[in-house]
Every structure is written in C-alpha cells, then in structure tokens.
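Chain residues, written in single-letter form:
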Amino acid sequence: PVPPSPPSPPSPPHVPLLAPQGKEELLCADEGAASECSCRGMVYLGKKYKKHSPGRGTVAATVSDMLAVGDVVWQAGPVACSTSVFDKDPAPGYYKHCVCVAFSPPHAPMPRAPPLPFSPPPPMPSLPHLP
C-alpha cells in the first residue's frame, strides 16, 4: 500500500509584501515537486528569469528582482518549491524558483572585557642633593 501524502501546510497570512531589507537572501530551489527549499525563514516563489517566455538569460536572484518582473507568493519555510503548496501560481507559463530570506538571530551584546587591575606607577628615583 502507498503511504498517505502529508497534509498541506496552512495558507500564508494575507499581509502586504515588502521586499526584505538587511536580511540574507539565498536561491534555494527550482520549482518542482521534488525541490525542497530547506529555509529557516520566508520562502518566496516567483519568476526565475528577468526576461522571455518561459524564461532565459539573467536570473531574478532576489525577491526585489522577482517583484520587478511579476508577482510572488510566499510561505514560511522549510517548504517544497512548488505552486501546489503555495496559494497560487504567481507566473503561469514561466520557469519559477524559490528564494529564501533567512531569519537573522538577534545580535547578542558584545561581552565586556574585565577591567584591568590597577597598579600604581613605580616611585620616581630621588635626585641627589646638590650643595
């Protein structure tokens, strides 16, 4: 018997999409049922190429690039890079891929160095008395 397929992930929240700033963006997978995007962050699915149908030439390597050439859909990762797990196909008839915008851990404060022990300067030598 064939094991049942895993349940579909929940739909992403419908909030305005803003291009990420100051976070690391990584190309994580080409679209396809077997392409897993192992991302600890948000996964964006959109056009793979900036021009031509179904696409060739310069790769849309960032979320901003993908937004400049069409729609994108997004979902928290890790997730399969497939239109079947996102809420819609952002670019029917085009090659697509996923970009991961990795979550950055908060910066921990730098530890302070312990204070240096204070040692007074050595005494000045006494000058001989002149008559």
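Before going into details, it helps to say that this report is about the structure given with it. (Residues numbered from 1 in each chain as written. Predicted model: local features only at pLDDT ≥ 70, side-chain atom pairs only at ≥ 80, totals over all residues. Heavy atoms only, no water.)

So, the packing of aromatic side chains
The way to describe two aromatic rings as a pair is by their centre distance and the angle between their planes.
Then step 1. Throughout the structure, instances matching the rule amount to 1 aromatic pair.
Then step 2. With a centroid separation of 6.2 Å and an interplanar angle of 70°, the aromatic rings of Tyr49 and Tyr95 are classed as edge-to-face. Of this pair, Tyr49 sits in strand 4 (residues 49–51) while Tyr95 sits in the loop between strand 7 (79–80) and strand 8 (96–102), placing them 46 residues apart in sequence.
Then step 3. Residue Tyr49 is classed as buried on the basis of its relative accessible area of 18%. (Phe/Tyr/Trp six-rings, centres within 6.5 Å; stacked < 30°, edge-to-face > 60°. Helix = DSSP H or I, 4+ residues; strand = E, 2+ residues; numbered from the N terminus. Buried < 20%, exposed > 50% of the residue type's maximum accessible area, 1.4 Å probe, protein only.)

So, the state of the cysteines
What makes a disulfide is a covalent bond joining the sulfur atoms belonging to two cysteines.
Then step 1. All told, the structure shown has 3 disulfides when counted by the stated rule.
Then step 2. A sulfur-sulfur separation of 1.8 Å characterises the disulfide bridge that pairs Cys28 with Cys37. Judged by the sign of its S-S torsion, about -95°, the bond between Cys28 and Cys37 is left-handed.
Then step 3. By relative accessible area, Cys37 is classed as buried at 0%.
Then step 4. Put simply, Cys39 and Cys100 are joined by a disulfide, and their sulfur atoms are 2.0 Å apart. With the S-S bond torsion at 70°, the cross-link from Cys39 to Cys100 turns out right-handed. Here Cys39, found in the loop between strand 2 (36–37) and strand 3 (41–47), pairs with Cys100, found in strand 8; they are 61 residues apart in sequence, far enough to count as distant. (Disulfide = S-S within 2.5 Å.)

Observations concerning unusual backbone geometry
Then step 1. In this model, Ser53 is joined to Pro54 through a cis peptide bond whose omega is 5°.
Then step 2. Of note, Pro54 is situated in the loop between strand 4 and strand 5 (56–59).
Then step 3. Omega for the peptide link from Gly77 to Pro78 comes to 0°, which places this bond in the cis form.
Then step 4. Positionally, Pro78 belongs in the loop between strand 6 (72–76) and strand 7.
Then step 5. Positive phi outside glycine occurs at His52, with the angle close to 70°.
Then step 6. Topologically, His52 is positioned in the loop between strand 4 and strand 5.

Here's the deal with the pairing of strand 8
Then step 1. With respect to burial, strand 8 is a largely interior element, 7 of its 7 residues being buried.
Then step 2. Taking every second residue as pointing to the same face, both faces of strand 8 are buried, with Lys96, Cys98, Cys100 and Ala102 on one and His97, Val99 and Val101 on the other.
Then step 3. As paired strands, strand 1 (residues 25–30) and strand 8 are joined by 5 bridges and run antiparallel to one another. Following the sheet pairing, Asp30 is matched in strand 8 by His97.
Then step 4. Here strand 3 runs beside strand 8; their pairing, made up of 7 bridges, is antiparallel. Each residue of the ladder has a partner; that of Val43, found in strand 8, is Cys100. (Pairing = 2+ DSSP bridges.)

Points about the environment of Gly93
Then step 1. For Gly93, the location among the structural elements is in the loop between strand 7 and strand 8.
Then step 2. You can call Gly93 exposed: its relative accessible area is 60%.
Then step 3. Ignoring anything within four residues of it in the chain, the contact list for Gly93 reads Ser53 and Pro54. (Contact = heavy atoms within 4.5 Å.)

So, the pattern of salt bridges
Pairs can form between side chains of opposite charge once their charged atoms are near each other.
Then step 1. By the definition in use, this model includes 5 salt bridges.
Then step 2. Residue Lys88 pairs with Asp71 through a salt bridge whose shortest N-O separation is 3.7 Å. Here the residue Lys88 occupies a position in the loop between strand 7 and strand 8, and Asp71 occupies one in the loop between helix 1 (63–69) and strand 6, the gap between them amounting to 17 residues.
Then step 3. Judged by its relative accessible area of 41%, Lys88 is partly exposed.
Then step 4. Judged by relative accessible area, Asp71 falls into the partly exposed class, the value being 44%. (Salt bridge = Lys/Arg side-chain N within 4 Å of Asp/Glu carboxyl O.)

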